[in-house]
Amino acid sequence: MKCDICGCENGSCNRYELRTGETIIICPSCLMWDTGVKATLARQSHKEGRLLKDEAAKAGKARK
């Protein structure tokens, strides 16, 4: 996935659902350190447990 904030492709990026209903993909570095509005909203979603699970990842884990 590609971070919506910094644009880096990082295997550790996560998707969060914002209160507005939008989704954001954000890397751990931006989640922690970025001071922009999107990162602030993503941190709020993180605290509220609004992490979106990747269906493809879940299917891959089920096969193992």
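Refer to the preceding data block for the structure.
Being a predicted model, the structure only gives us computed values, none of them experimental.

(A) Highlighting the sheet that holds strand S3 (residues 51-52). An order of S2-S1-S3 is seen for the three strands of this open sheet, with the pairing classed as antiparallel. The sheet terminates laterally at strand S2 (23-26) and S3, the two strands that pair on one side only.

(B) How the structure looks around the environment of Cys30. Tracing the backbone shows Cys30 in helix H1 (residues 28-33). Taking the C-alpha atoms as reference points, Cys30 and Asp4, 26 residues apart in sequence, are found 9.4 Å from one another. If near-sequence neighbours (up to four positions away) are discounted, Cys30 is found in contact with Cys3, Ile5, Cys6, Ala39 and Arg43.

(C) Just the environment of Ile24, in detail. Relative to the helices and strands, Ile24 resides in strand S2. By relative accessible area, Ile24 is classed as buried at 2%. In sequence terms Ile24 and Cys3 are 21 residues apart; their C-alpha atoms lie 8.1 Å from each other. Residues within four places of Ile24 in sequence aside, it is in contact with Asp4, Ile5, Asn14, Arg15, Tyr16, Leu18, Lys38 and Ala42.

(D) Highlighting the pairing of S2. Where strand S1 (residues 14-17) and S2 come together, four bridges link them in antiparallel fashion. From the neighbouring strand, Glu17 faces S2, where its bridge partner is Thr23. What sits between S1 and S2 in their antiparallel hairpin is a turn of five residues, with Gly21 showing a positive phi close to 95°.

How each quantity is defined
- Residues numbered from 1 in each chain as written.
- Predicted model: local features only at pLDDT ≥ 70, side-chain atom pairs only at ≥ 80, totals over all residues.
- Heavy atoms only, no water.
- Pairing = 2+ DSSP bridges.
- Helix = DSSP H or I, 4+ residues; strand = E, 2+ residues; numbered from the N terminus.
- Contact = heavy atoms within 4.5 Å.
- Buried < 20%, exposed > 50% of the residue type's maximum accessible area, 1.4 Å probe, protein only.

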